[in-house]
Amino acid sequence: MDQQQTGKGAQFPQTTLYELESQYTPSRWVIRLGAQEALRTYSQMGNDATKKAQATRRSLLHVPYGDGEGEKLDIYFPEGVSAALPFCVFLHGGNWQTGSKDASAFMVNPLTAQGVAVVVVGYDIAPKGTLDQMVDQVTRSIVFVQKKYPRNEGIYLCGHSAGAHLAAMMLLANWTKHGVTPNLKGFFLVSGIYDLEPIVHTSVNARLLMTLEDAQRNSPQRHLEAGLMQPVGPSCPMLVVIVGQHDSPEFHRQSREFYQTLCRAGWKASFEELHDVDHFEIVWKLTQQDYMLTQIILKTIFQEFSDNP
Ligand SMILES: N[C@@H](CC(=O)c1ccccc1NC=O)C(=O)O
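Parameters and conventions
Residues numbered from 1 in each chain as written. Predicted model: local features only at pLDDT ≥ 70, side-chain atom pairs only at ≥ 80, totals over all residues. Heavy atoms only, no water. UniProt positions renumbered as here; feature names shortened; annotations may be inferred. Buried < 20%, exposed > 50% of the residue type's maximum accessible area, 1.4 Å probe, protein only. Helix = DSSP H or I, 4+ residues; strand = E, 2+ residues; numbered from the N terminus. Pairing = 2+ DSSP bridges. Right-handed = clockwise from strand over helix to strand, strands pointing away. Axes fitted to C-alpha atoms, helices over the stretch in contact; angles between N-to-C directions. Contact = heavy atoms within 4.5 Å. Polar contact = N/O pair within 3.5 Å; in protein donor to acceptor, adjacent residues only side chain to side chain.

The name an unreviewed UniProt entry gives the protein is Kynurenine formamidase, with Hipposideros armiger as the organism. As its UniProt record puts it under Pathway (unreviewed entry), the protein is described as follows: "Amino-acid degradation; L-tryptophan degradation via kynurenine pathway; L-kynurenine from L-tryptophan: step 2/2." According to the UniProt record, the Sequence similarities (unreviewed entry) comment for the protein is "Belongs to the kynurenine formamidase family."

Structure follows, in structure tokens:
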């Protein structure tokens, strides 16, 4: 690609379209594997983790949360069944156009081992689904969990990459419209994208077909800056913004700016850069009990209990 500017010159003074494309292609920043091998390994790890979770944990699979073919979720339970559990809801990544709940059960074994139920949500990726539809589906999946488990001890949302974007959009959800306010206590936003405008100028948009207005409407960073996302009441959820050391500089910028804007807007937020992990390892290592991010998630969930007995 030539040295054409993107029209985002003020924000990316030196950035060419080629550089922007590279910044938003996480596989190019992986250090231990080639790009293709990283993507293959990532999806293999997802398949293996999901098979293991389904073989070893009690679960309800392909539970419909709506009428659409893709509106299904999987629920994995700890031993000793109780409806009064904390729930961790996972939203997979994949540029809003790849990935599936059927290869995303990374955190199931370590979390259920500690008494946390895990829900892995399916949503209609592009080109079938638009950004607006994905946001609506995720909203309804959370409403569904709250209605099915009204005695839950907290719903924690964890999203990776595009899934972190979808999770962050939940800060804008109009729950009243759905007749229930979910008991959202925490967000784990892992290697996410919060300002979608740059994406419009990359090949990612070939399938998403977002207009600039679509991108702006679906940018939590933009809404936060405009003062449209404000924490309400003392029970406002805790937000943990996490990025991998080997994520691209643009991914680092997106996470840091979102975290800083959250703090300025009065949210309870923290920021973690995870040492020596890339965009994919950051989530596939969630299969491990002693991994830093697994520990952050468990500590946040159980700290909540000790704060509010
Ligand atoms: N085509 C992208 C793939 C990608 O972005 C991705 C793949 C799996 C899980 C998350 C991803 N990124 C964000 O959603 C790449 O080559 O890096």
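Novice: Requested: an account of the pairing of strand 5 (residues 155–160), with residues and values cited.
Specialist: By the criterion of burial, strand 5 is predominantly enclosed, with six of the six residues buried. In strand 5, alternate side chains face the same way, and those of I155, L157 and G159 on one face and Y156, C158 and H160 on the other are all buried. Strand direction decides the pairing type here: strand 3 (residues 87–91) and strand 5, joined by five bridges, are parallel. Residue pairing for strand 5: C88 is matched across the bridge by Y156. Looking at chain direction, strand 5 and strand 6 (residues 184–190) are connected through six bridges and run parallel. Note on strand 6: the bridge partner recorded for Y156 is G186. The parallel pair strand 5 and strand 6 is bridged by helix 5 (residues 162–169), and the resulting crossover is right-handed.

Novice: Please give an account of the sheet that holds strand 2 (residues 72–77) that cites residues and values.
Specialist: Within the open sheet, the eight strands sit side by side as 1-2-4-3-5-6-7-8. Their pairing is mixed. The open sheet is flanked by strand 1 (58–64) and strand 8 (268–274), the only strands paired with a single partner. Averaged over all pairs of adjacent strands, the angle between strand axes in this sheet comes to 15°, irrespective of strand direction. As paired strands, strand 3 and strand 4 (residues 117–121) are joined by five bridges and run parallel to one another. What sits directly across from F90, in strand 4, is V120. Strands in contact with helix 5 are strand 3, strand 5 and strand 6; relative to strand 5, the strand with the most contacts, it is inclined by about 145°. The sheet strands contacting helix 10 (residues 249–264) are strand 6, strand 7 (238–244) and strand 8, and the helix crosses strand 7 at an angle near 160°.

Novice: An account of the UniProt feature "active site" (unreviewed entry) in the protein is requested, with residue identities and associated values reported.
Specialist: The UniProt feature table records "active site" (unreviewed entry) at S161, D247 and H279. A stretch of 119 residues holds the annotated residues, and the largest C-alpha distance among them is 10.5 Å, short enough that they meet in one place. With respect to the helices and strands, the residue S161 is situated in the loop between strand 5 and helix 5. In contact with S161, other than residues within four places in its own chain, are G93, V190, S191, G192, I193, F251 and H279. Residue position: D247 is located in the loop between strand 7 and helix 10. At a separation of 2.5 Å, a polar atom in the side chain of D247 contacts the side chain of S191.

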